[in-house]
Amino acid sequence: MIDAITGGLVLDGTGAEAVAATVLIDDGRITELLPADAELPPGLELIDAGGNIVAPGFIDLHSHADFSMEASPEAVTQLHQGVTTLVTGNCGWSPFPITDLDQMRAGTAFLAPENSWSWQDSGGFADVLDGAGLAINIALQVGHSALRLAVLGGAERAPSEAELEQMKALLRDAAEQGAVGFSTGLIYAPGTFAEPSEVAALVATAAEYGLLYSTHIRNEGVRLLEALDEAIEAARAGGARLQVSHLKAMGPANHGKVHAALERMDEARADGVDVACDVYPYTASSTTLTARLPTWTMEGGTAGLLARLGDATERTKVLDAVREQAILDPDNVVIASLPPGRYHDCRGLSLAEIGRRDGVDGAEAALRVLENHQAAVSVVNHGMCEDDVVAVLRHPWTSVASDGWILRATGEGHPHPRSFGTFPRVLGRYARDEAVLTLAEAVRRMTSLPASRLGLDDRGVVKPGAVADLVVLDPERVADRSTYDEPWQLSVGIEHVLVAGEPVLRDGVPTANRPGRVLRKG
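A brief look at the structure comes next. (Residues numbered from 1 in each chain as written. Predicted model: local features only at pLDDT ≥ 70, side-chain atom pairs only at ≥ 80, totals over all residues. Heavy atoms only, no water.)

**Let's talk about the packing of aromatic side chains**
1) Next: For the structure on display, the rule yields 8 aromatic pairs.
2) Next: Seen from their ring centres, tryptophan 119 and phenylalanine 125 are 4.7 Å apart, and the 55° between their planes marks the pair as tilted.
3) Next: Classification of tryptophan 119 as buried rests on a relative accessible area of 2%.
4) Next: Seen in terms of ring centroids, phenylalanine 420 and tryptophan 488 are 5.2 Å apart; in terms of plane orientation they differ by 70°. Their pairing is edge-to-face. Within this pair, whereas phenylalanine 420 is found in helix H14 (residues 418-433), its partner tryptophan 488 is found in the loop between strand E18 (470-473) and strand E19 (494-499), the two being separated by 68 residues in sequence.
5) Next: Overall, the relative accessible area of 0% leaves phenylalanine 420 in the buried class.
6) Next: Among the residues examined, tryptophan 488 registers a relative accessible area of 22% and is labelled partly exposed. (Phe/Tyr/Trp six-rings, centres within 6.5 Å; stacked < 30°, edge-to-face > 60°. Buried < 20%, exposed > 50% of the residue type's maximum accessible area, 1.4 Å probe, protein only. Helix = DSSP H or I, 4+ residues; strand = E, 2+ residues; numbered from the N terminus.)

Here's what the structure looks like:
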């Protein structure tokens, strides 16, 4: 256990400028901030920050690590970014509740889960994680798609009144077991099958328990503003705090729309809706390849899709629809990961490149990859523009969040670099090098702002009484190294990370300490 951090410049997470101070720690909490020249009693266990920045540990509001944390509790990629708390269950997907394990496995296969699936509900999953020995903290949200899967399976229809009440009951169970939020992913089946009224009813239930409502809105392209309006109205009607996930505008025809989206958020805030957003600092997204298909093709989940692709007549209908709807950009959709099969050597290639290899167009290539790999294909989609990323990042109510889930340092495939470099990329490129944000403001977007979205008043700040989740970073050296071509590279410049006062990264090297835990609401 560390007793004090000396010799550093403290950025307290509020946006205030750095001050030279010594941070005293006792029993996992900050007890006092002393002048830098204050004398300390002998025998203390110290970390000398050496003139570097001391800041609160970073809080990632948008992670999918609930599908990787059990297998990688050491969370090496996060330690090297200074992350001390991950918020999971985003985009409508959580690994609970489970009523049909086969359906859950199939629905989340694109995330390549490394789970034992030895639970049914939020509380059981939390107990498993606490038993795994976590290096960092995790806070759980319950996903709408998981609720729908548990009650309706992959059906493309509205729930009956009884079925909606059953979903509400499962949501209440998760809240009572400590979940911090409720999320939707309205481009993903089965969440995309829900009408706005269904979503609004569940948002109101979440608000009863003070849960954050996080949403991957229904459209991030041509109907971006309409989708944002839907989310705002659900939050307004239900009285919920709204977190718009990874705000972006996909496709060249839609670039620039984020400005209007941010204006609508500001108008809603002025009208009393507690709405904010988050962003990752990249111009490519990452998702399942099935998200690039027409919605109706996913009725019945991946099993329904594969059945359609296995029927010649239905397959032709799917192919024609993919071509006609033009929602697939083969040149900019790159295979990130997929299970063994015919196209296993195509990781890192675009659908257009695969198509040229096979002598077919990109739409046909997409269907071939899906049907040969159980539709469990994740992709990197290059579809945003840098000006939009900067515009969203500049907004004062934007948190930095990764949307990642890779926790181990080495592996296969071409995952999105955001799992390895989100936070150092903002600190290095966008704060130090390009001055999009000041360093103090960048730290606020990673600490006190996301903590406030979760209602955590004892994390995300350096102050007496706060939990001693802390990071020491070199502001001149901090940088991301992961790229789209070479993603498996850890960030640099994070020197020390403490969780509840225990060092989990010291002198840039992970320790064996495991002080992390599931942060249960209440």
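Picking up after the structure, the text goes on.
**Some thoughts on the sheet that holds strand E16 (residues 378-382)**
1) Next: Taken together, 3 strands build an open sheet; the order of strands is E14-E16-E15 and the sheet is antiparallel. The outermost strands of the open sheet, each flanked by one partner alone, are strand E14 (284-288) and strand E15 (333-337). Geometrically, the sheet is characterised by an average inter-axis angle of 30° between neighbouring strands, direction not taken into account. (Pairing = 2+ DSSP bridges. Axes fitted to C-alpha atoms, helices over the stretch in contact; angles between N-to-C directions.)

**Section: the pairing of E18**
Strand residues, when the strand is regular, have side chains that alternate between the two faces of the sheet.
1) Next: Of the two faces of E18, the one lined by Leu470 and Val472 and the one lined by Val471 and Leu473 are each fully buried.
2) Next: Two elements, strand E5 (residues 53-56) and E18, share 4 bridges in a ladder whose sense is antiparallel. Following the sheet pairing, alanine 55 is matched in E18 by valine 471.
3) Next: Of the strand pairs in this sheet, E18 and E19 are connected by 4 bridges, and their pairing is antiparallel. Pairing of valine 472 across the sheet is with histidine 496, part of E19.

**Thoughts on the pattern of salt bridges**
1) Next: For the coordinates displayed, the defined rule picks out 35 salt bridges.
2) Next: The shortest N-O distance in the salt bridge between aspartate 229 and arginine 264 comes to 2.5 Å. A residue pair is termed long-range when its members are at least 10 positions apart, and aspartate 229 in helix H7 (residues 224-238) and arginine 264 in helix H8 (residues 257-270) qualify at 35 residues.
3) Next: The class of arginine 264 is partly exposed, set by a relative accessible area of 29%.
4) Next: Taken together, the salt bridges that share partners define one network made up of Arg315, Arg342, Asp345, Arg357, Asp358, Glu364, Arg368 and Glu371. (Salt bridge = Lys/Arg side-chain N within 4 Å of Asp/Glu carboxyl O.)

**Re the layout of surface pockets**
1) Next: What the second largest pocket holds in volume is close to 680 Å³.
2) Next: Lining the second largest pocket are 37 residues, and of these Phe110, Leu111, Ala112, Ser337 and Leu338 sit closest to its centre.
3) Next: Secondary structure elements with two or more residues in the lining of the second largest pocket: helix H9 (301-309), E15 and H14.
4) Next: Residues that form the lining of the second largest pocket fall into these classes: 17 nonpolar, 15 polar and 5 charged. (1 Å grid on protein atoms, 1.4 Å probe; cavity = no way out; pocket = protein on both sides within 12 Å on 5 of 7 lines; lining within 4 Å. Points joined across faces, edges and corners; volume = space filled by probe spheres on them. Nonpolar A, V, L, I, M, F, W, Y, C, P; charged D, E, K, R; others polar.)

**Section: the packing of H9 against helix H12 (residues 362-372)**
The relative placement of two packed helices is expressed as an angle between their axes plus a distance between the axes.
1) Next: Where H9 contacts H12, the two axes come as close as 10 Å, and the packing angle between them is 120°. Looking at the two axes, H9 sits oblique to H12. Both H9 and H12 take part in a crossing whose hand is left-handed. Residue-level contacts link Leu305, Leu306 and Leu309 of H9 to Leu367, Leu370 and Glu371 of H12.
2) Next: A breakdown of the residues in the contact of H9 with H12 according to their chemical character gives 5 nonpolar, no polar and 1 charged. (Parallel < 35°, antiparallel > 145°, perpendicular 65-115°, else oblique. Left-handed = near helix turned anticlockwise from the far one by under 90°. Contact = heavy atoms within 4.5 Å.)

**With respect to the side chain of aspartate 60**
1) Next: Along the chain, the position of aspartate 60 falls in strand E6 (residues 58-60).
2) Next: One buried charged residue, aspartate 60, remains without a salt bridge, the closest side chain of opposite sign being arginine 418 at 8.8 Å.
3) Next: A distance of 3.0 Å separates a polar atom in the side chain of aspartate 60 from the backbone nitrogen of histidine 62.
4) Next: With residues up to four places along the chain from it excluded, the contact list for aspartate 60 reads Gln78, Val83, Thr85, Leu86, Val87, Ala401, Ser402 and Phe423. (Lys, Arg positive; Asp, Glu negative; His and termini not counted. Polar contact = N/O pair within 3.5 Å; in protein donor to acceptor, adjacent residues only side chain to side chain.)

**A closer look at the sheet that holds strand E8 (residues 137-139)**
Pairing between sheet strands relies on hydrogen bonds along the backbone, with the strands arranged either parallel or antiparallel.
1) Next: Pairing is parallel in the open sheet, where 3 strands are placed in the order E6-E7-E8. Since the sheet does not close on itself, it has two edges, and those belong to E6 and E8, each with one partner. Across this sheet, the average inter-strand angle for adjacent strands is 20°, counted without regard to direction.

**Considerations on H9**
1) Next: Within the span of H9, buried status applies to Gly301, Thr302, Gly304, Leu305, Arg308 and Leu309. In a view along the axis of H9, the buried residues occupy a sector of 160°, so they form one face of it. In H9, the exposed residues that point more than 90 degrees away from the buried face are Ala303 and Ala307.
2) Next: The inward-facing, buried residues of H9 abut helix H2 (101-107), helix H10 (312-325) and H12. (Arc of directions from axis to C-beta.)

**Regarding empty space enclosed by the protein**
1) Next: A full pass over the atoms with the stated rule returns 3 cavities of 30 Å³ or more.
2) Next: Taken together, His246, Leu247, Lys248, Ala249, Val258, Val279, Tyr280, Tyr282, Met384, Asp388 and Val389 make up the full set of residues lining the largest cavity.
3) Next: Looking at side-chain class alone, the lining of the largest cavity contains 8 nonpolar, 1 polar and 2 charged residues.
4) Next: Approximately 40 Å³ is the volume found for the second largest cavity.
5) Next: Around the second largest cavity, the lining residues are Asp60, Ser63, Gln78, Gln81, Leu86, Ser402, Gly404, Trp405, Ile406, Leu407, Arg418 and Ser419.

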